[in-house]
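# Summary of structural features
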Amino acid sequence: GSPVVRMGIPPSLPPDWIRERVNRLSDCTVMLNEGTTNELLELLDDAELDIAITHERSATLPSRLALTQALGVAMPATSRLRDAIGDDGTLDVRSLTGARLMAHAQASIRSSEGALKSLVESADAEVEWVFRRFGEHGDLIAEMADADGAMTISTSQILHAPQWSWFPLTSQAPHVE
């Protein structure tokens, strides 16, 4: 039989992007496993996965950048942040001052809290953060936390808050790996 490759993927990657890469491994049988970045990095460290696509690099294993995705804010139609959306459909980081934003907790992505705080502080904006572990019920968790929106990538918004709209950040907003 063909060699088996155990691959870890996060839930927020575009399925077509994953499928295209898996199809390149036509001489292998690929077993996909889904998990958070932290879970996947742990499985890699324990040699339970052969390869993983994660939102941050491993501290112990070789890695390379595979995909960048723009960071933005997902929000319901009732969010007060709607007033800050520019004519081009983007949201300037500096306009987030005074907002209450939810983001993935470090339980999901090891470096997310520090990176997001630094991004907002570097734009001289002040945000009240609500760090939560969320998945399918992201919109409900944000609503119950009285958040104005969630800072995330667009594919995560589609997955976790499909009734919401996503607006890319501009200014000094970096892309996330």
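Everything here concerns the structure above.
I will try to describe carefully the structure that is included in this document.

Rules used throughout
- Residues numbered from 1 in each chain as written.
- Predicted model: local features only at pLDDT ≥ 70, side-chain atom pairs only at ≥ 80, totals over all residues.
- Heavy atoms only, no water.
- Buried < 20%, exposed > 50% of the residue type's maximum accessible area, 1.4 Å probe, protein only.
- Helix = DSSP H or I, 4+ residues; strand = E, 2+ residues; numbered from the N terminus.
- Arc of directions from axis to C-beta.
- Contact = heavy atoms within 4.5 Å.
- Pairing = 2+ DSSP bridges.
- Polar contact = N/O pair within 3.5 Å; in protein donor to acceptor, adjacent residues only side chain to side chain.
- Core = buried A, V, L, I, M, F, W, Y, C linked by side-chain atoms within 4.5 Å.
- Salt bridge = Lys/Arg side-chain N within 4 Å of Asp/Glu carboxyl O.

### Notes on helix α1 (residues 15-23)
Within α1, the full set of buried residues consists of Trp-17, Ile-18 and Val-22. An end-on view of α1 places all buried positions within 130° of arc, on one side of the element. With respect to the buried face of α1, the exposed residues turned more than 90 degrees away are Asp-16 and Asn-23. On its buried face, α1 sits against β1 (4-9) and β2 (29-34).

### Focus on the sheet that holds β1
In space, the 3 strands of this open sheet follow the order β2-β1-β3, with parallel pairing throughout. Since the sheet does not close on itself, it has two edges, and those belong to β2 and β3 (51-52), each with one partner. Sheet topology note: the β1/β3 ladder contains 2 bridges and is parallel. Directly across from Gly-8, in β3, lies its bridge partner Ala-52.

### So, the side chain of Ser-58
When you line up the elements, Ser-58 lands in the loop between β3 and β4 (69-75). Here Thr-60 takes part through its backbone nitrogen, which lies 3.1 Å from a polar atom of the side chain of Ser-58. Among the polar contacts made by the side chain of Ser-58, one reaches the main-chain amide nitrogen of Leu-61 at a distance of 2.9 Å. Aside from chain neighbours lying at most four places away, what touches Ser-58 is Leu-41, Asp-45 and Ser-63.

### Comments concerning the nonpolar core
One finds Val-73, Leu-91, Leu-96, Leu-101, Trp-129, Met-151 and Leu-169 to be the most contacted residues of the largest nonpolar core, which totals 23 residues. Listed by contribution, the elements that provide at least two residues to this core are β4, β6 (100-104), α3 (112-122), β7 (128-132) and β9 (165-170). What Leu-91 contacts, discounting residues up to four positions off in sequence, is Val-73, Met-75, Leu-81, Ala-84, Ile-85, Leu-96, Phe-167, Pro-168, Leu-169 and Thr-170. Formed by 11 residues, the second largest nonpolar core is a distinct cluster that contains Met-102, Ala-161, Trp-164 and Trp-166.

### Thoughts on the environment of Asp-88
By the secondary structure assignment, Asp-88 is in the loop between β4 and β5 (91-92). By relative accessible area, Asp-88 is classed as exposed at 59%. Taking the C-alpha atoms as reference points, Asp-88 and Phe-167, 79 residues apart in sequence, are found 9.8 Å from one another. A polar contact of 2.7 Å, which involves the side chain of Asp-88, links it to the side chain of Thr-90.

### Some details on the pattern of salt bridges
Tallied over the entire structure, the rule returns 7 salt bridges. Note that Arg-19 and Asp-16 form a salt bridge whose closest N and O atoms lie 2.8 Å from each other. Pair noted here: Arg-19 and Asp-16 are both in helix α1, with a separation of 3 residues, about one helical turn. Look at Arg-19 and you get partly exposed, because its relative accessible area is 46%. The closest approach of N and O atoms between Arg-21 and Glu-20, which form a salt bridge, is 3.4 Å. On the accessibility criterion, Arg-21 (23% relative accessible area) is partly exposed. What makes Glu-20 partly exposed here is its relative accessible area of 42%.

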